[in-house]
Every structure is written in C-alpha cells, then in structure tokens.
Amino acid sequence: MNRFFSKGLAIFTLVLVSVGAGVLLSMELDLTPVTQAQQATSSLNTQGYDVPAITIPSFADVAERVMPAVVSVTSTEVVSRSEMRGANPFDFFFRPIPEGREPSQFDERERVSGGSGFIITPDGYVLTNNHVVEGASRVEVRLSSTDKEYIANVVGSDPYTDLALLKIDSDDRFPVARLGNSDEIRIGDWALAIGNPLQLENTVTVGVISAKGRSLGLTTDSSFENLIQTDAAINFGNSGGPLLNVRGEVIGINTAIRGGGQNLGFAVPVNIAKQIYPRLRDEGRVVRGYLGINIDNIDTRERRAFGLESRDGVIVTNVADDQAAERAGVKAGDVIVAVDDEPIRNTRDLIDYVSYKKPGTTVGLTIIRDGKRMKLAATTGERPGLNASPLDDSRSRPGDDTREELGLVLREITDPRRSGLPDTATGLFVVDVRPLSPAADAGLTHGDIIVSVNGRDVARLSEFRRMVEDAETGDLLRIYVNRYTQDGTRLSRFAILEVP
C-alpha cells in the first residue's frame, strides 16, 4: 500500500513539474493565446493612451548660456515729494530700491527703481519694460558676469506694449540672448524666467507656459495686449527680464504678476518685440496704422443674427468720421473676414495686422455686407491718442416701457441738449434696464441710444414697438447703439437682443 502511494505521489509530482515547465516555455516563446478582452486592453493601451515618455531636462546649460546677457536695470527719476507719497501704479511690477539717505529739504528728490533687461546685440542694445525706465533721468545697467556698470540711454519706448529699448554707452562687445519664435510655443511647454527678483541678481525659475493671448488691461490700450501666462515664478524686479524655452531662446519679456494669486506671471511675446525693435531703434517710438473703426468678435448669437457661416471675422461696430475706413466705404455692421487676403479670425488678428503697418499703407479689406462678399481698399492713417469718459446723464426722465418682457424703458430724443447730447444725436434714449432681463443680457444700459434695429433706423417709440411686436419668440434683434462721452466722442456697438 505504501509502495503504491509512493509511486502515485512521484507520478503526480512529475506531472505538476511538466505542466509548470510548459507554461514557462509558452510564456518565453509568446505561445500563450490572447483572449478578446486582453486584445481590447492591449489595443486601448497602445492606441487610446499612447503618451510619449517625458524626460525632464537639466536647465543648467540654458541658464549658464543666457545669464551673461541678462542685466540689472536701475532707473533714477526726479520727482516731487508729493509724488513720492502717491501710489505708483507699477508697484506690483517691480520693487523700488531703498535710497539709504534722509529725505531732502527740497521739494524735488530722486526716486530709484529697479528691474531687469537682456542684451540683444553685441554693441549693447537692451530690451526691457517701458515701465522700468519711464520718466527716468538716468538709467544704469549692470552685468553680473563682469560686475561692470554702464550708463544706458533710452533709445525708444512703446507704452502700448510696455517695451523699451536701451543702448549701453560703451564700445565694449557684449554677450547676447538669442531671440526665439513665440508663435511656436504651446501651452504646457517648459519656460524659464531669469531676472533680478527682490534685487536677487540672476535668479532662475522654471515652470510651464500656462496660457497665451491674455489681456489684463495693464497698458495704455489693452487692445494691444497679447500676453503669455506662465507659472515660472516671477516677482518684483523680474520685469524686463527674458522668458526662455528649453533651447535657451527668448520667447517673452517678463512684464507683470497678478497680485493675490500664486505663480501668475505674464510676458510680452518676443515676436512683438522683434516687430517693433527696428522702429524703436530708428525712430524712438512706434507709429501705428489706423483704420478708424471699433470692432468686436463674433459670438454664436451674432453669427446667427448676421446670417454668417462661421464665427471667423470681426464685426464693425463704429466707423469714425473722416478716417481711413469711412473714406474706404466701410460701414457699421460690416463683417471683416480678411485683410490683404489674410484670413481674419478675431479682433486680435486685425489689430495686429493693421497696427504694425505704417500710416499711408494701403490695405485690402474683404467684408461681408448683407450676406454679400465685397472688397474695399483703405489707406491707413496714424493712430491717435485715446480719451473717453462715461456719460453722466442725470437729467433724463422716465419714459415708455416698450415691452414688459424686454425689461427696457425708452424715451424719444426730442431735445438732445436736455440730455447732454450733441445736437446731431438721434434715436431712442435708454432710460432704464431691468436686471436679469433680455435687455440686460444684451448689455444695454442707461445712457445708451438705440439708433437702428436690424438695419432700420428708429427715432420713435412706435417704430421700435412695431419691430418688437413683429418679431417672434427666440428671434434675435440686431440693435445698433450709440453712447456719447462728456467730450462728445461717440462710442458705438451692436447689442444682440433675444425676443422673449
């Protein structure tokens, strides 16, 4: 019995070892059949979630190559003591440097501020921010690589882009930072910032490109703002320093931080600097082309209301009198879809294209008017200064509530001067707008003047009431609105109102 049991145990052990060896051999030779579930998982892993391997680079070589071209910029401005007590609107851009002496008895004294910059030519041209050197009586730059200080001249500046060009007063040859292409950057790309935050020279911080095309209302005219956002730490004193890619190329000029947030830094794209650099160098300023129009992007409602095939293009909301666009025949309500046959997708495209043309340049405008495509030729003028203030019409009186559901109270303009308006003002005065109403959703507000509805002029309440009553629920009314500032400037736009 024991002999039989021992023999059976030996046979069982032999079989078990054989099976195990077979499994191992099958795995080694990849002979194990794959089930459908396994095939599906394998396909999903290799096709649906195929993420390339990421290698985190060392940034030491980049920093070592670029840091010699980064400079510390110190600007000295002569101001009155009353100005010293006032708030500096750029205090969150860069940190003032302590003067280290007692206040002067005189009304005037020096205010010393600091920032960063970087050298772009061997003979000593330096890019920095306009707000770092604006109003400066003396500018000095220091190279940490040689510990030398130089006097620099402000060759040119552009408050619209917050950029300035300096020239080091020396015959020395300098290391330069290589300029890259900011149009090629993508959200998520590595970004390095080098500068002098809090007077700590040649500080390197690393992050990614967080966003592109930001507008924060920081410069003279926010329509020119097209900022890169990064989470590479930027602090007071970084202003004017370079933002770099992993190849060590400058892709932006660090400009601002967002207070109250963490690692919200912003930089001017280097391609903008490359465009205006020759003008700053040769002319000291940037003279921009000007058409004399106000434009808006096209949203879904406006696309429907204007009968457009897509949201590409911009809507002309106002045409200035006796300016390039009016002389070319452009009208409010036209949709500009191309300039010089270059497609226009949004306001940024048109502003960038036209503003960097010199005054006197002829540009071809492709527009859509009443569903028809046509071409016009406009010769650009010179962009004037901007001045606009809100209209304070406290003397207006209640009027007719044209349609209760609209939440809109209007009155006819019988005496423009009574409402503080120019004699030529016509239309229906918006007396009041109910919150959370279709009129409020359309952006109408007290002081607006409704000039036309769907391209038809309106001057009487009965005309407006009839147009509204003829419309069906869900229809979109294309309302053209004027507003006058205290100095008589007319601001115009389209309000798209959905009939309830």
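Presented here is an overview of the structure given in this document. (Residues numbered from 1 in each chain as written. Predicted model: local features only at pLDDT ≥ 70, side-chain atom pairs only at ≥ 80, totals over all residues. Heavy atoms only, no water.)

1. A closer look at the overall build of the protein
The condition is simple: Numbering of helices and strands runs from the N terminus, with a helix taken as a DSSP run of H or I at least four residues long and a strand as a DSSP run of E at least two residues long. For this analysis, residues touch if any pair of their heavy atoms sits within 4.5 Å. We get accessible surface area from the Shrake-Rupley algorithm with a probe of 1.4 Å; when it comes to residues, only the shown protein chains can shield them.
Of the regular secondary structure elements, the protein holds 11 helices and 27 strands. Counting contacts in the protein only where the partners sit at least 6 residues apart, residues at least 24 apart contribute 62% of the total. With the model as given, the accessible surface of the protein reaches about 26600 Å², and the carbon-plus-sulfur share is 50%.

2. Side note on the pairing of strand β8 (residues 203–214)
Condition: Should DSSP find at least two bridges between two strands, the strands are regarded as paired.
When strand β7 (residues 190–195) meets β8, the two strands line up antiparallel, connected through 6 bridges. Each bridged residue has a counterpart across the sheet, and for Trp190 the counterpart in β8 is Val208. Pairing geometry for β8 and strand β9 (residues 227–230), over 3 bridges, is antiparallel. Paired with Ala211 across the strands is Gln229, a residue of β9.

3. Brief notes about the nonpolar core
Applicable threshold: Take the buried residues of types Ala, Val, Leu, Ile, Met, Phe, Trp, Tyr and Cys, join any two whose side-chain atoms come within 4.5 Å, and each joined set is a nonpolar core. Each residue is assigned to one of three classes by its accessible area relative to the maximum for its type, calculated with a 1.4 Å probe on protein chains only: buried under 20%, partly exposed between the two thresholds, exposed over 50%.
Core analysis: the biggest nonpolar cluster contains 28 residues, and Val66, Phe118, Ile120, Leu163, Leu165 and Leu244 have the highest contact counts within it. Sorting the residues of this core by element identifies α3 (60–66), β3 (125–129), β6 (163–168), β7, β11 (250–257), β12 (265–269) and α6 (270–283) as the ones contributing at least two each. For this core, the leading source of residues is α6, giving 6 residues. Once you skip the residues sitting within four places of it in the chain, Ile120 turns out to touch Tyr125, Leu127, Leu165, Val176, Ala177, Leu179 and Tyr277.

4. Quick look at the environment of Val250
Its location among the elements puts Val250 in strand β11. Under the relative-accessibility criterion, Val250 is labelled buried at 0%. With 72 residues separating them along the chain, Val250 and Arg178 place their C-alpha atoms 6.2 Å apart.

5. Brief notes about the packing of aromatic side chains
What counts here: Classification of ring pairs rests on two measures: the distance between centres of Phe, Tyr or Trp rings, Trp counted by its six-membered ring, which must be within 6.5 Å, and the angle between planes, read as stacked under 30 degrees, edge-to-face over 60 and tilted in between.
All chains considered together, the criterion is met by 5 aromatic pairs. Ring geometry for Tyr125 versus Tyr277: centroids 6.2 Å apart, planes at 80°, classification edge-to-face. You can see Tyr125 sitting in strand β3 and its partner Tyr277 sitting in helix α6, a full 152 residues away along the chain. Like Tyr277, Tyr125 is buried. Between Phe306 and Phe494 the ring centres are 5.4 Å apart and the planes differ by 85°, which places this aromatic pair in the edge-to-face class. With Phe306 in the loop between α7 (300–305) and β15 (314–319) and Phe494 in strand β27 (residues 490–498), this residue pair connects regions lying 188 residues apart in the sequence. Take Phe494: its relative accessible area is 10%, and that puts it in the buried class.

6. Here's the deal with the sheet that holds β7
Stated formally: Structural elements are reduced to axes, namely lines fitted to C-alpha atoms, with helices fitted over the stretch in contact, and the angle between N-to-C directions of any two is expressed from 0 to 180 degrees.
Pairing in this closed barrel of 6 strands is antiparallel, and the strands run β7-β8-β9-β12-β11-β10 around the ring. Strand-to-strand twist in this sheet, taken as the mean axis angle between neighbours without regard to direction, amounts to 45°. Relative to β12, β9 is paired through 3 bridges, and the arrangement is antiparallel. Counterpart to Ile228 in the pairing with β12 is Ala267. Against the sheet, α6 makes contact with β11 and β12, and its axis sits at roughly 40° relative to β12, the strand it touches most.

7. Focus on α6
Because an α-helix completes one turn every 3.6 residues, residues spaced three or four positions apart along the sequence face the same direction. The test is simple: A helix is expected to reach a length of 1.5 Å times the quantity of its residues less one. At any given residue, the bend is defined as the angle formed between two axes, one fitted to the seven residues that end at that position and one fitted to the seven that begin there.
The terminal C-alpha atoms of α6, which comprises 14 residues, lie 20 Å apart, in line with the 20 Å expected from a rise of 1.5 Å per residue. For α6, the principal kink sits at Ile276 and spans about 40°; a proline, Pro278, occurs within the next four residues. Where α6 is concerned, the buried positions are Val270, Asn271, Ile272, Ala273, Ile276, Tyr277, Arg279 and Leu280. Looking at the buried positions of α6, the neighbouring elements they touch are β3, β5 (148–158), β6, β11, β12 and α9 (347–355).

8. Considerations on unusual backbone geometry
Phi angles above zero are rare outside glycine, and Asp322 is one such case at about 55°. Along the chain, Asp322 falls in the loop between β15 and α8 (324–328). Positive phi is not limited to glycine here, since Asp341 has a value of about 65°. Look at Asp341 and you get exposed, because its relative accessible area is 56%.

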